[in-house]
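Here are the chains, one letter per residue:
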Amino acid sequence: MFPSSVGYPGPTQAGAEPGLAATAPAYPLHSGLVHLVSPTVFSQDNVKAKTKDFDIFRSWGSLSPWYSIQRGKFGIDSGPEAPDTCNITSVHLLHRHGARYPADHTKGTGPGGFASKLNMNAENVTVTGPLAFLDDWTYKLGDEGLTPFGRSQLYDLGVSMRMRYGFLLKNFSETNTLPVFRTESQTRMLHSAQHFALGFFGYPLEGQYHQQIMIEAKDFNNTLAPYRSCANNEVPGGGYRGQPYADTWKAVYLKDTVPRLQQYLDGFTLDVEDVYAMQELCAFESVALGYSKFCELFTEKEWEGFDYSYDLNLWYGVAWGSPVGRGEGIGYVQELVSRLTQTPIETHNSSTNATLHNSVTFPFGHSLYVDATHEVVVLNVLTALNLSSFAAMGPLPTDHLPEQRTFRTAELAPFATNVQFQLLSCSTEHDPQIRVIVNDGVVPLTSLKGCRDHPDGMCSIHAFVEAQMENIRDTDWNFVCNANWTIPDGWETTTGYPPL
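Residues numbered from 1 in each chain as written. Predicted model: local features only at pLDDT ≥ 70, side-chain atom pairs only at ≥ 80, totals over all residues. Heavy atoms only, no water.

A. Focus on the nonpolar core. Residues Trp60, Phe294 and Phe464 are the most contacted members of the largest nonpolar core, which totals 101 residues. What tryptophan 60 contacts, discounting residues up to four positions off in sequence, is Pro65, Cys282, Ala283, Ser286, Val287, Cys295, Trp303, Phe306, Asp307 and Tyr310. Membership of the second largest hydrophobic core comes to 28 residues, among which are Phe172, Leu205, Leu424 and Met458. (Core = buried A, V, L, I, M, F, W, Y, C linked by side-chain atoms within 4.5 Å. Buried < 20%, exposed > 50% of the residue type's maximum accessible area, 1.4 Å probe, protein only. Contact = heavy atoms within 4.5 Å.)

Right, here's the structure in full:
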């Protein structure tokens with residue numbers, strides 16, 4: 001009835017591949033704001049004057065949409081475009097899925113839990129003032145899958161990477177091979193990878209690349225979901241230990257917010273978790289529906305507090321402050337080293353999957369690799385790489401918001417976050433070089449042994465690999481994930497490793 005083709009396509013001829021990263025004098029910056037509407041006002045109880053650089057979309061921690069990091073923000077005054085004397089020879093891309101609906105809805109907490117509590121008390125509730133909209137409000141969010149905006153994020157990311165690195169596909173046409181992109185079996189992961197591919201290759205996808213789908217489930221080795229095979233990740237207060245830190249901070253920054261909103265609500269007693277869920281509803285409704293009235297309820301200062309709560313949760317849960325952060329990321333580092341050196345992994349002693357390490361599903365010599373994962377794994381990997389400039393401020397306090405913050409999840413792990421490992425050949429450098437670029441921000445590599453201070457953030461691939469091989473030797477997956485270690489009172493880490 002409706003065939004996909006009726007013939008008569010007309011003449012077409014493909015043009016040259018784009019290569020903005022290699023040819024353009026500057027990089028196109030990504031705002032992350034397309035399709036989303038900002039609140040027209042914030043709370044009138046604002047105790048802080050509206051600042052020129054405040055952006056609510058960048059104040060939701062890892063629920064923020066990804067955006068291009070300001071040049072120099074990470075300490076390197078260089079852009080992600082190729083330096084003048086260099087040519088890009090290869091790119092390894094690690095990216096997060098796009099914006100999703102809330103997860104963990106069965107716990108009765110978060111946005112869904114708040115909606116249920118409100119609904120149960122509906123007959124007794126009276127709302128006025130800024131909460132009057134709750135009279136007609138209903139919960140419209142799904143569970144865990146990509147939102148329409150999340151789909152667009154990955155499609156746009158695919159287009160962006162094709163515009164930047166399309167010229168790297170010449171490697172595949174010359175060798176009559178296809179790229180192998182990897183993702184996991186979880187629905188939002190598979191859909192994110194497919195939408196990225198549609199943006200990168202265009203329709204139809206058949207014959208343009210291979211999509212590897214790795215099983216994401218308990219006890220399956222998977223470097224893109226290493227927590228599934230790390231037993232200590234499930235130990236309360238052990239592996240993922242960030243929630244108590246975030247809860248302590250919520251009680252601090254929302255102390256005055258609860259009574260301020262309570263005055264507009266009769267028949268329902270608000271607590272800190274209810275108010276926090278309202279902030280989460282702002283973020284989740286915005287990336288799902290495009291706009292949320294909940295965003296107007298809070299001051300800039302309260303949004304800064306919300307943003308920091310995600311920093312605390314993820315710093316202590318999966319990154320430099322977590323005892324399992326480095327161990328869970330080391331498998332991907334092993335794979336990165338394997339690809340860079342074109343050397344098979346001899347001993348699979350982490351989250352790597354020996355069954356999938358063969359010339360078909362884990363090929364060497366490609367000019368482009370693309371791996372889709374979760375925000376927690378991106379932070380695992382940055383920790384395992386020992387990119388310690390992000391940990392320079394040390395353990396994060398729970399009683400105040402630090403003025404200087406080197407670790408911000410809105411910058412490092414937002415929806416559709418992307419890490420580019422850029423390989424270069426430079427006339428001014430004797431050896432091939434590598435750079436690490438997070439959301440268009442160039443990351444300093446001076447924390448790695450053998451990597452000198454470079455104005456463009458470059459390090460020789462040889463020195464980078466040697467430093468990572470030392471990280472691999474110093475990281476014992478079995479100890480991190482299976483040993484019966486305990487965390488003493490007051491213990492902290494900035495290396496992502498458990499107490500010895």
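B. Quick peek at the layout of surface pockets. Considering only enclosed or pocket space, the second largest pocket measures out at about 750 Å³ in volume. Lining the second largest pocket we find 26 residues, and of these Asp53, Tyr67, Lys73, Arg408 and Glu411 sit closest to its centre. Per-element tally for the lining of the second largest pocket: the top contributor is helix H9 (residues 300-318), with three residues. Residue composition of the lining of the second largest pocket, grouped by class: eight nonpolar, seven polar and eleven charged. (1 Å grid on protein atoms, 1.4 Å probe; cavity = no way out; pocket = protein on both sides within 12 Å on 5 of 7 lines; lining within 4 Å. Points joined across faces, edges and corners; volume = space filled by probe spheres on them. Helix = DSSP H or I, 4+ residues; strand = E, 2+ residues; numbered from the N terminus. Nonpolar A, V, L, I, M, F, W, Y, C, P; charged D, E, K, R; others polar.)

C. Just a nonpolar patch on the surface, in detail. A contiguous nonpolar patch, built from Tyr155, Val159 and Met163 and spanning about 240 Å² of accessible area, is present on the exposed surface. For methionine 163, the position within the fold is in helix H3 (residues 148-165). Among the residues examined, methionine 163 registers a relative accessible area of 38% and is labelled partly exposed. (Patch = residues over 30% accessible without salt bridge, like charges linked within 9 Å, V, L, I, M, F, W, Y side chains within 5 Å. Areas by Shrake-Rupley, 256 points an atom, 1.4 Å probe, with all protein chains shown as cover. Salt bridge = Lys/Arg side-chain N within 4 Å of Asp/Glu carboxyl O.)

D. Fine view of H9. With 19 residues, H9 ought to run about 27 Å at 1.5 Å a step, and its terminal C-alpha atoms sit 27 Å apart, in line with that. For H9, a buried count of 17 out of 19 residues is recorded, marking the element as mostly surrounded by other parts of the structure. (Expected span 1.5 Å × (residues − 1).)

E. Highlighting the state of the cysteines. Taken as a whole and assessed by the stated rule, the structure comprises four disulfides. The disulfide bridge from cysteine 86 ends at cysteine 426, spanning 2.0 Å between sulfur atoms. Because the torsion about its S-S bond is 105°, the bridge between cysteine 86 and cysteine 426 counts as right-handed. Residue cysteine 86 is located in strand E1 (residues 86-96), and its partner cysteine 426 is located in strand E7 (residues 418-426); the two are separated by 340 residues in the primary sequence. Side by side, cysteine 86 and cysteine 426 carry an identical accessibility label, which is buried. One disulfide in the model links cysteine 451 with cysteine 459; its S-S distance is 2.0 Å. Judged by the sign of its S-S torsion, about -75°, the bond between cysteine 451 and cysteine 459 is left-handed. Taking relative accessible area as the criterion, cysteine 451 reaches 7% and is therefore assigned buried. A relative accessible area of 2% places cysteine 459 in the buried class. (Disulfide = S-S within 2.5 Å.)

F. Highlighting the packing of aromatic side chains. Applying the stated criterion to the full structure yields 28 aromatic pairs. Ring plane angle 85° and centroid distance 6.2 Å describe the contact between phenylalanine 114 and phenylalanine 268, whose orientation is recorded as edge-to-face. Of this pair, phenylalanine 114 sits in helix H2 (residues 110-120) while phenylalanine 268 sits in the loop between strand E5 (265-266) and helix H8 (272-289), placing them 154 residues apart in sequence. Its relative accessible area of 2% is what places phenylalanine 114 among the buried residues. For the pair phenylalanine 298 and tryptophan 303, a centre-to-centre distance of 5.4 Å together with 75° between the ring planes defines the contact as edge-to-face. One aromatic cluster in this structure is built from Phe74, Tyr245, Trp315, Tyr316, Trp320, Phe390 and Phe407. Looking at arginine 58, its charged tip hangs above the ring of tyrosine 67, at a distance of 3.9 Å from the centre. (Phe/Tyr/Trp six-rings, centres within 6.5 Å; stacked < 30°, edge-to-face > 60°. Lys NZ or Arg CZ within 6 Å of the ring centre and 35° of its normal.)

G. Representation of the pattern of salt bridges within the structure. If you walk through the whole model with that rule in mind, you get 26 salt bridges. Of the charged contacts in the structure, one is a salt bridge between lysine 255 and aspartate 256, with a shortest N-O distance of 3.3 Å. With a closest N to O distance of 2.6 Å, arginine 408 and aspartate 307 form a salt bridge. Linking arginine 408 in the loop between helix H11 (375-384) and helix H12 (409-412) with aspartate 307 in helix H9, this pair joins segments that are 101 residues apart in sequence. One salt-bridge network, in which partners are shared between bridges, spans Lys73, Asp307, Asp311, Arg405, Arg408 and Glu411.

H. Region of the structure containing the packing of H3 against helix H5 (residues 187-201). Where H3 meets H5, the axes come as close as 6 Å, and the angle between the chain directions of the two elements is 40°. The angle between H3 and H5 falls in the class oblique. Here H3 runs over H5; the crossing is right-handed. Every residue of H5 that contacts H3 at Arg151, Leu154, Tyr155, Leu157, Gly158, Val159, Met161 and Arg162 is listed here: Ser192, His195, Phe196, Leu198, Gly199, Phe200 and Phe201. Here the residues of the contact of H3 with H5 sort into nine nonpolar, four polar and two charged. (Axes fitted to C-alpha atoms, helices over the stretch in contact; angles between N-to-C directions. Parallel < 35°, antiparallel > 145°, perpendicular 65-115°, else oblique. Left-handed = near helix turned anticlockwise from the far one by under 90°.)

I. Expanded view of the pairing of E1. Most of E1 sits out of view: nine of its eleven residues are buried. One ladder, built from six bridges, connects E1 with strand E6 (residues 368-373); its direction is parallel. In the sheet register, leucine 93 faces E6, and the bridge partner there is valine 370. (Pairing = 2+ DSSP bridges.)

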